[in-house]
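Fold and geometry: a report
Letter by letter, the chains look like this.
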Amino acid sequence: TLPKIKFTESKVVEDDFRRSLPQMNSYQYITQHPERTISILGITFDQFRELSTQAMNREKAYQAQQEQQKHRVNQKGAGRSKSLSSIEEICMTLFYVRDPHRFEVLGMQFDVSKTTANDRFHYWIQFIHDLLPASLVEEVSSPLELCELQATLKSQELIVDSFEQGRSRPLDNQQQKDCFSGKKARHTFKNQVISLPNGTDIVDVLSGARGPEADITLMRQQLDVFDQEQQFLGDKAYVGEAQLLTPKKKPRGGKLTLAEKEQNRTLSKRRIYIEHMIRRLRIFRILHGKFRLRSRCYQQVMLTVCGLTRLRMGTFKFE
């Protein structure tokens, strides 16, 4: 006869399972193996330490401002102490952006509850987003600086392309119809990225648009940021705009000439760098596959990833 199985409370089972896990979270691991930080967090160890320092300073200033506006009832410092230090929470946030799992799994990695993991992720992502400008345009702080940037970019041929990412089906019937992409056969977000000619930096980003939105429509929204004589390279989805150089489409029932085919190949070699840029963004797996968080978080996460990519590439550095 089989032995009787004694079922215990779920809390006891969870505690036993946590005790069986290795007593080392990702932050403790990368401090012992800093050379592996880029594969775990997507940025180098030095970049992580600098970003953490800047984020903690920004958070201290925010807390000081909140303290002035607060009507305190309990003594400062009362209540339950934190399970993780601030730098461990920042590491946990970047760990999720680099390789997202369920928050319950993330909590087990850092020996906290899934609620704590969720709360601390959304708390720190706002500071990281504020610290890292997603593009050259976002770095501009005044109309004069924007004019100077436009004059600098005017002499270069920028590259533009878009990509889609799956999302949860909206609850509202009309909204789910608006967000359904026939090309991908699912509900999606659409993002559009403009880069420098050799893909060395991100010039501008448009994120979180509806999946079925036409590429040329999104591009026309971004043209207001640039000089009227600014030239761009795009694929066949951008045919119809004077400022964009696009491949020659094959006529219906006809064929392209050898010269036209060669021109298309040359153009593809010049615009391949934007594909490399999108690949760099998707190193952070939160932009790969279905987006698991709420839709209102998407733009913030997308722009944060752009900022992290620029930090990883070395095109943005803290002063």
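Heads up: the structure comes first, above all this text.
Counting of residues starts from 1 at the beginning of each chain's written sequence and follows it residue by residue. Per-residue local features are limited, in this predicted model, to residues with pLDDT of at least 70; the limit for side-chain atom pairs, both in listing and counting, is 80 or more; totals at the level of whole chains, interfaces and linings are taken over all residues. With hydrogens and water excluded, all non-hydrogen atoms of the structure serve as input to the side-chain values.

Moving on to helix α5 (residues 86-98). Its 13 residues give α5 an end-to-end C-alpha distance of 18 Å, which sits within 8% of 18 Å, the value for a rise of 1.5 Å per residue. Accessible area is worked out with a 1.4 Å probe on protein chains only. A residue is then buried under 20% of its type maximum, exposed over 50%, and partly exposed in between. To qualify as a helix, a DSSP run of H or I must reach at least 4 residues; to qualify as a strand, a run of E must reach at least 2; elements of each kind are numbered from the N terminus. With respect to burial, α5 is a largely interior element, 13 of its 13 residues being buried. One less than the number of residues in a helix, times 1.5 Å, gives the span that helix is expected to have.

Looking now at helix α12 (residues 258-281). With 24 residues, α12 ought to run about 34 Å at 1.5 Å a step, and its terminal C-alpha atoms sit 35 Å apart, in line with that. The principal kink in α12, of about 40°, is found at Arg-270. Listed as buried for α12 are Asn-264, Leu-267, Arg-271, Ile-274, Met-277, Ile-278 and Leu-281. Structurally, α12 contributes buried residues whose contacts are with β1 (157-166), β3 (186-195), β4 (202-210), β5 (231-233), β6 (244-245) and α13 (298-313). Consider a residue and the seven residues that end there alongside the seven that start there; fitting an axis to each set, the bend is the angle between those axes. The criterion used for residue contact is that any of the two residues' heavy atoms lie within 4.5 Å.

Residues Leu-41, Phe-48, Leu-51, Leu-94, Leu-281 and Ile-286 are the most contacted members of the largest nonpolar core, which totals 59 residues. Once you skip the residues sitting within four places of it in the chain, Leu-94 turns out to touch Leu-41, Ile-43, Phe-48, Leu-51, Ile-128 and Leu-308. With 16 residues, the next largest nonpolar core counts Leu-136, Val-137, Val-160 and Ile-194 among its residues. Only buried Ala, Val, Leu, Ile, Met, Phe, Trp, Tyr and Cys residues count toward a nonpolar core, and they belong to the same one when joined by side-chain atoms within 4.5 Å.

A fitted line through C-alpha atoms serves as each axis, taken over the contacting stretch for helices, and the angle formed by two N-to-C directions is quoted from 0 to 180°. The contact between α5 and helix α7 (residues 114-131) brings their axes to 9 Å, and the two run at 90°. As far as their axial angle goes, α7 and α5 are roughly perpendicular. Between α5 and α7, the contacting residues are Ser-86, Glu-89, Ile-90, Met-92, Thr-93, Leu-94, Tyr-96 and Val-97 on the first element and Ala-117, Arg-120, Phe-121, Trp-124, Ile-125 and Ile-128 on the second. In this classification, the charged set is Asp, Glu, Lys and Arg, the nonpolar set is Ala, Val, Leu, Ile, Met, Phe, Trp, Tyr, Cys and Pro, and all remaining amino acids, among them Gly, are polar. Broken down by class, the residue content of the contact of α5 with α7 amounts to 10 nonpolar, 2 polar and 2 charged. Put simply, angles under 35 degrees are roughly parallel, angles over 145 are roughly antiparallel, angles from 65 to 115 are roughly perpendicular, and the rest are oblique.

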